[in-house]
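What the coordinates show
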Amino acid sequence: MNLGVNIDHVATLRNARGGAEPCVLDAALICEMAGAAAITVHLREDRRHIKDADVIALKKNLKANINLEMAATDEMRDIALSVAPYSCCIVPEKRLELTTEGGLNVVQNFEKISKLIEALHSKNIIVSLFIDPDLEQIKASADAGADYIELHTGSFANAFGTDKCDIEFNKLKDAAKYAQSIGLKVNAGHGLNYENVSLMKEIEGLCELNIGHSIVSRAIFVGLEMAVKEMMDLI
C-alpha cells in the first residue's frame, strides 16, 4: 500500500503571510525523498491554498506521481489537460466548506463526470472519483469509466474510538471488495491519522492512502521527513 501526501496545508501556511515561505515545492521534494509515492494537491476554485503555479512547478520538478484533486468544472478540466498530471481525483467542492465534505454524487452527475473522464483519458491521465462507500456510487463510477475510486474515510475517522467505528469500517471493507469485483482499483483518504490509519491494512487490495493534514501537523514537531516516514511505517 502506497502513501500519497497531500501538501495543501503547506500552502495554507505560506498564504497566511502572502509570501513564499514555506515553499510548496520544497515540501513535496522532502516527501518524495522520504518515500511518498505520490504528492496530492487540491487546486480549488478559490485558490485558498494551492495555486496554479504550484501545480506547474510540481509537474516540472517531481519524480513522484502528481495527483491533482479537482472539481468537475470546465476550468479545472482545461488546467488538468494542460499540465497533464499522473492522475486526477475528481472531488465535490463547496466555497464555504473548510475541507471536502462527503463524496462525489456520481449517479446524479453521471453524464458530466463521464465526459470529464473521457477528456482526461485523452491525455493518458488516470482518473479517480472521491466517493462515499456506497455501492450505487461505486457502480456508477465504474460505468462512467473511472480507473480508481478513492473511498471517503471521513465517517470512519469521526467514528474511530466509538461504538460506531466497526459499522463505518465494515462499510469501507465491503465497498472496497465490491469495487475490485467490478474492475476498479481502490484508494482511500480523508481524516486518516497516526491513530486510526493502521486499520486500513485490514482492507484487502487498497492501493494508496492520501493523507495530508495529519502529516503536516505532525511535521511541526518532528519535521516533515520524519512525519512521512512515521506514517509509512504505520501503513
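Please refer to the structure placed before this passage.
Residues numbered from 1 in each chain as written. Predicted model: local features only at pLDDT ≥ 70, side-chain atom pairs only at ≥ 80, totals over all residues. Heavy atoms only, no water.

1. Looking at the overall build of the chain
- Per the secondary structure count, the chain includes 10 helices and 8 strands.
- Computed over the C-alpha atoms, the radius of gyration of the chain is 17 Å, within 12% of the 18 Å expected from 2.2 N^0.38 for a compact globule of 235 residues.
- If you line up the chain on its principal axes, its C-alpha atoms span 45 × 40 × 35 Å.
- Across the 235 residues that make up the chain, the buried fraction comes to 49%.
- Long-range pairs, those at least 24 residues apart, make up 66% of the contacts in the chain with a sequence separation of at least 6. (Helix = DSSP H or I, 4+ residues; strand = E, 2+ residues; numbered from the N terminus. Rg over C-alpha atoms; globule rule 2.2 N^0.38 Å. Buried < 20%, exposed > 50% of the residue type's maximum accessible area, 1.4 Å probe, protein only. Contact = heavy atoms within 4.5 Å.)

2. Overview of helix 2 (residues 24–34)
- The set of residues buried in helix 2 consists of Val24, Leu25, Ala27, Ala28, Cys31 and Ala34.
- For helix 2, the secondary structure elements touched by its buried residues are strand 1 (2–6), helix 1 (8–17), strand 2 (38–42), helix 3 (52–61) and helix 10 (224–234).
- Glycine 35 sits one or two positions beyond helix 2 and adopts a positive phi of about 115°.

3. Topic: the pairing of strand 1
- With 4 of 5 residues buried, strand 1 is to be regarded as a mostly interior element.
- Sheet topology note: the strand 1/strand 8 (residues 206–211) ladder contains 4 bridges and is parallel. Note that in strand 8 the partner of asparagine 2 across the bridge is glutamate 208.
- Bridge count for strand 1 against strand 2 is 3 bridges, and the pairing is parallel. Bridged to glycine 4 within strand 2 is alanine 38. (Pairing = 2+ DSSP bridges.)

4. Some remarks on the packing of helix 4 (residues 74–83) against helix 5 (residues 110–121)
- Viewed as axis vectors pointing N to C, helix 4 and helix 5 meet at an angle of 15°, and their least axial separation amounts to 10 Å. Accordingly, the angle class assigned to the pair helix 4 and helix 5 is roughly parallel. Judged by the twist between their axes, the crossing of helix 4 over helix 5 is right-handed. For the pair formed by helix 4 and helix 5, the contact residues are Arg77, Ala80 and Leu81 on the first element and Leu116, Ala119 and Leu120 on the second.
- When the residues that make up the contact of helix 4 with helix 5 are grouped by side-chain class, the tally is 5 nonpolar, no polar and 1 charged. (Axes fitted to C-alpha atoms, helices over the stretch in contact; angles between N-to-C directions. Parallel < 35°, antiparallel > 145°, perpendicular 65-115°, else oblique. Left-handed = near helix turned anticlockwise from the far one by under 90°. Nonpolar A, V, L, I, M, F, W, Y, C, P; charged D, E, K, R; others polar.)

5. A look at the packing of aromatic side chains
- Per the stated rule, a full pass over the model turns up 2 aromatic pairs.
- Taking the centre distance of 6.1 Å and the plane angle of 70° together, the rings of phenylalanine 156 and phenylalanine 160 count as edge-to-face.
- Their ring planes at 45° and their centres at 5.7 Å tell us that phenylalanine 156 and phenylalanine 169 sit as a pair that is tilted. Taken as a pair, phenylalanine 156 in helix 7 (residues 154–159) and phenylalanine 169 in helix 8 (residues 165–181) lie far apart in primary sequence, 13 residues in all.
- Judged by relative accessible area, phenylalanine 156 falls into the buried class, the value being 1%.
- Exposure remark for phenylalanine 169: the relative accessible area of 6% places this residue in the buried category.
- What links up through ring pairs into an aromatic cluster is the set Phe156, Phe160 and Phe169. (Phe/Tyr/Trp six-rings, centres within 6.5 Å; stacked < 30°, edge-to-face > 60°.)

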